[in-house]
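Spelled out from the first residue to the last, the chains are:
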Amino acid sequence: MAASTAAGKQRIPKVAKVKNKAPAEVQITAEQLLREAKERELELLPPPPQQKITDEEELNDYKLRKRKVLLLMLSISYLFRARSIYERALDVDYRNITLWLKYAEMEMKNRQVNHARNIWDRAITTLPRVNQFWYKYTYMEEMLGNVAGARQVFERWMEWQPEEQAWHSYINFELRYKELCCLASSFLHSPALVLVHPAVKNWIKYARFEEKHAYFAHARKVYERAVEFFGDEHMDEHLYVAFAKFEENQKEFERVRVIYKYALDRISKQEAQELFKNYTIFEKKFGDRRGIEDIIVSKRRFQYEEEVKANPHNYDAWFDYLRLVESDAEADTVREVYERAIANVPPIQEKRHWKRYIYLWINYALYEELEAKFTFAKMWLYYAQFEIRQKNLPFARRALGTSIGKCPKNKLFKGYIELELQLREFDRCRKLYEKFLEFGPENCTSWIKFAELETILGDIDRARAIYELAISQPRLDMPEVLWKSYIDFEIEQEETERTRNLYRQLLQRTQHVKDLLFSGDLRLLSPLFMLHMKPQVSDTEKQESALVLTVKCSVLIWNACSNAASGVWISFAQFELSSGKEGSVAKCRQIYEEANKTMRNCEEKEERLMLLESWRGFEDEFGTVSDKERVDKLMPEKVKKRRKVQADDGSDAGWEEYYDYIFPEDAANQPNLKLLAMAKLWKKQQQEKEAAEQDPDKDIDESESSSF
């Protein structure tokens, strides 16, 4: 018996012979077998523990658990069938996005996380350009608390260089978990947002992120790298404005000035409006007198350039432009402008056109004869300095006096006055300043220097009288600089009440000029503008062009007064705040309220917006919550509008879009605006309702994707 058993154990089993050795129609790989075995192993439930039932309550509980197990087994059996159906559907149409979404949602609803991960991974591998798969995959991992897994999915997504919104989703994800290192790499390392989508706004966002987290050196490097990246061919004013404001926040004023000048020298004037505006505001806040003068001269030069570019045969504009460069620029610059002017020959043979053109040649010849050659101011100054080196002071004074008598120029007066100041001959300086101001009463710099001299000598009343005489002049080249100097003088003397009166007087004068323009009586202003005309022009021609010149200059003065009004009100409020006396905050708030009431009728809405923003900044620092809400209610709404554009010949040139600001009182006076807004809202709601009724599943998917 034992021998037979042993023999049976040693028996070799027979090997089955394969009759059909052809490959099967459906191939199953070893990897698939292992994966399915592993998945089924994870889904097996451990056997329940043995339990003895002793009473009816335990029996009912046991039955309830059995029912739940039975339902689970039924759901698992249905799940296997659903998977089989989805897999067969994907074999037929794997590009169907809805099919992938429904498949993954089924696995997530049944808490089959690994199955869901497998499906999402297959989906993003098969269709990597479908952003909705990536959004839902990362959202699932984040909801499960798998931050590292979500980050890994985001990194895989970024390798495909998706659209900007995907990058912003990744950045917001890192911000939620305060991973600054990972966030910086998403901005800059390759592939990165600023390299894949090299827009200016993305570079600015990156720099502001570094600035927000106090990495100021890194922020500066980002701006510098952005400037180097775009170069001179693709310069954008918004990048340089943001760079300058960053340096301004760091109190690096010289850097700010260099940035603005660098950009203005390389960007065309038409594309640098915002840049020039911010540069002007910066110089008014932090610049000295010379800087403000340079920016004002540059602004006027830009205006004249626009006029002569729009109409090269506008010889009146060329005369004004040439007068400006003759008073400030070098001889080579003046010659270059003269050459450009005389190159615009009248297109028709009519005397009235050639009459103006001939005076360009006459003035050019007079400039070369009187200014650039025989009466060159430097020659007289060099001669006077030579006599001083020879210790012949009377001869030097005689030479300078002769030069002023023959060809009075600003440089000669300044050189003579500087000589007498070095010799401490203050009485002579006073006489020279009097002659200087008789020669050019519109020169604000001369008035300011004269008043500063009297201030240094300790004669405050005399300095104040000079300032009063200066502001009473009917024509000034830079009145804003003169008024600022006068106000600063009274502040230094701690004359608070006089300073207030000066601010009130300045506001009254700006409003007076605007009222004069608004009244329509432009003839009252014509004497001011006739001073711009050349003496060689005939009386008849003056009468013909006076009205046109008056209207043109009236527009310029209106814009200048509007800009000055907001700046004066803000400066007035800051003065009251900085006085340090009791109730300074209340007085400052009162000034802002008065300014807002005054500027309600101002056509320059941006100036009023600038005033309200300054007021809001003041309330953020010193006001209460109610004060802040009150100012916020006064802020306007920015809306986009359309208007007709006409060509130079009067024909229609289409429509253009522009932005307008609607203040609360404007909206209250125009009830049509509210009706239009309600109509747009109703139309939008109706469209959304119709779209939801037509395709509810698509609406649900879109809402979920937008939530991601």
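Residues numbered from 1 in each chain as written. Predicted model: local features only at pLDDT ≥ 70, side-chain atom pairs only at ≥ 80, totals over all residues. Heavy atoms only, no water.

1. Things to note about the side chain of Glu247
Part 1 of the argument: In this structure, Glu247 sits in helix H13 (residues 237-249).
Part 2 of the argument: Taking the relative accessible area as the measure of exposure, Glu247 reaches 0% and is therefore buried.
Part 3 of the argument: Non-local contacts of Glu247, meaning those with residues more than four positions away in its chain, are made with Arg220, Glu252, Arg255, Val256 and Ile259. (Helix = DSSP H or I, 4+ residues; strand = E, 2+ residues; numbered from the N terminus. Buried < 20%, exposed > 50% of the residue type's maximum accessible area, 1.4 Å probe, protein only. Contact = heavy atoms within 4.5 Å.)

2. Some points on the pattern of salt bridges
Part 1 of the argument: Evaluated as defined, the whole model comprises 24 salt bridges.
Part 2 of the argument: Between Asp121 and Arg156 there is a salt bridge whose closest N-O contact spans 2.8 Å. Of the two residues, Asp121 is situated in helix H5 (residues 113-126) and Arg156 in helix H7 (residues 147-158); the sequence distance between them amounts to 35 residues.
Part 3 of the argument: Arg397 is the partner of Glu420 in a salt bridge, and the nearest nitrogen-oxygen pair spans 3.0 Å. Of this pair, Glu420 sits in helix H22 (residues 410-422) while Arg397 sits in helix H21 (residues 393-406); the two residues are 23 residues apart in sequence, bridging distant segments of the chain. (Salt bridge = Lys/Arg side-chain N within 4 Å of Asp/Glu carboxyl O.)

3. Points about the pairing of strand S1 (residues 637-646)
Part 1 of the argument: Among the ten residues of S1, one are classified as buried, and the element is accordingly described as predominantly exposed.
Part 2 of the argument: Taken together, the nine bridges between S1 and strand S2 (residues 652-662) define a ladder with antiparallel strand orientation. Opposite Arg643, over in S2, you have Glu656 as the bridge partner. (Pairing = 2+ DSSP bridges.)

4. Brief notes about the environment of Val130
Part 1 of the argument: One can find Val130 in the loop between H5 and helix H6 (131-143).
Part 2 of the argument: Taking the C-alpha atoms as reference, Val130 lies 8.1 Å from Ile97; in sequence the two are 33 residues apart.

5. Some words on the nonpolar core
Part 1 of the argument: Counting 62 residues, the largest nonpolar core has Leu482 and Trp569 as its most contacted members.
Part 2 of the argument: Those residues in contact with Leu482 that lie beyond four places of it in its chain are Cys444, Trp447, Ile448, Tyr467, Ala470, Ile471 and Leu476. (Core = buried A, V, L, I, M, F, W, Y, C linked by side-chain atoms within 4.5 Å.)

6. Quick notes on unusual backbone geometry
The bulk of non-glycine residues show a negative phi, and the bulk of peptide bonds are trans.
Part 1 of the argument: For Arg111, which is not glycine, the phi torsion reads 60° and is therefore positive.
Part 2 of the argument: With respect to the element layout, Arg111 can be found in the loop between helix H4 (97-109) and H5.
Part 3 of the argument: Unlike most non-glycine residues, Lys251 shows phi in positive territory, near 65°.
Part 4 of the argument: Lys251 sits in the exposed class, given a relative accessible area of 60%.

7. With respect to the packing of aromatic side chains
Part 1 of the argument: Under the criterion given, the structure shown has 25 aromatic pairs.
Part 2 of the argument: Considering the side-chain rings of Trp203 and Phe229, the 5.5 Å spacing of their centres and the 40° angle between planes classify their relative orientation as tilted. Taken together, the positions of Trp203 in helix H11 (residues 200-212) and Phe229 in helix H12 (residues 216-230) put the pair 26 residues apart, joining distant regions of the chain.
Part 3 of the argument: The class of Phe229 is partly exposed, set by a relative accessible area of 41%.
Part 4 of the argument: When the ring of Tyr338 is compared with that of Tyr364, the centres are 4.7 Å apart and the planes differ by 5°; the resulting orientation is stacked. Here Tyr338, found in helix H18 (residues 331-342), pairs with Tyr364, found in helix H19 (residues 351-374); they are 26 residues apart in sequence, far enough to count as distant. Just as Tyr338 is buried, Tyr364 falls in that class too.
Part 5 of the argument: Every member of this aromatic cluster is reached through a ring pair, and the members are Trp134, Tyr135, Phe154, Trp157, Tyr170, Phe173 and Tyr177. (Phe/Tyr/Trp six-rings, centres within 6.5 Å; stacked < 30°, edge-to-face > 60°.)

8. Some points on helix H20 (residues 377-389)
Part 1 of the argument: If you check H20, its first and last C-alpha atoms are 19 Å apart, about what 13 residues at 1.5 Å a residue would give, namely 18 Å.
Part 2 of the argument: By the burial criterion, the buried members of H20 are Ala377, Trp380, Leu381, Ala384 and Glu387. End-on view of H20: buried residues confined to an arc of 120°, all on one side of the axis. Projecting away from the buried face of H20 at angles above 90 degrees are the exposed residues Met379 and Arg389.
Part 3 of the argument: For H20, the secondary structure elements touched by its buried residues are H21 and H22.
Part 4 of the argument: Backbone geometry just after H20 places Lys391 at a positive phi near 60°. (Expected span 1.5 Å × (residues − 1). Arc of directions from axis to C-beta.)

9. What about the confidence of the model for the chain?
Part 1 of the argument: The pLDDT averaged across the chain works out to 75; a share of 77% of its residues lies at or above 70.
Part 2 of the argument: Below a pLDDT of 50 lies the segment residues 1-9, which in the model reaches zero contacts outside its immediate sequence neighbourhood of four places, other chains included.
Part 3 of the argument: Low pLDDT (under 50) marks residues 512-563, which in the prediction has 61 contacts with non-local residues, meaning those over four places away or in another chain. (pLDDT = per-residue confidence, 0-100.)

10. Some points on H6
Part 1 of the argument: The terminal C-alpha atoms of H6 lie 18 Å apart, and with 13 residues this matches the ideal 18 Å at 1.5 Å per residue to within 8%.
Part 2 of the argument: Looking one or two residues beyond H6, the residue adopting positive phi is Gly145, at roughly 80°.

11. Some words on a positive patch on the surface
Part 1 of the argument: A cluster of basic residues, Lys378, Lys411, Lys414 and Lys449, forms a positive patch on the protein surface.
Part 2 of the argument: Assignment of secondary structure puts Lys414 in helix H22.
Part 3 of the argument: The exposure class of Lys414 is partly exposed, given its relative accessible area of 48%. (Patch = residues over 30% accessible without salt bridge, like charges linked within 9 Å, V, L, I, M, F, W, Y side chains within 5 Å. Areas by Shrake-Rupley, 256 points an atom, 1.4 Å probe, with all protein chains shown as cover. Lys, Arg positive; Asp, Glu negative; His and termini not counted. Charge placed at Lys NZ, Arg CZ, Asp CG, Glu CD.)

12. Notes on the side chain of Arg430
Part 1 of the argument: Position of Arg430 relative to the elements: it lies in helix H23 (residues 426-439).
Part 2 of the argument: In this structure the side chain of Arg430 is engaged in a polar contact, spanning 3.1 Å, whose partner is the side chain of Asp427.
Part 3 of the argument: Once residues within four sequence positions are removed from consideration, Arg430 is found in contact with Phe450, Glu454, Leu457 and Arg462. (Polar contact = N/O pair within 3.5 Å; in protein donor to acceptor, adjacent residues only side chain to side chain.)

13. Examining a nonpolar patch on the surface
Part 1 of the argument: Residues Ile358, Trp361, Ile362 and Leu366 make up a contiguous nonpolar surface patch of roughly 330 Å² in combined accessible area.
Part 2 of the argument: Among the structural elements, Ile362 can be located in helix H19.

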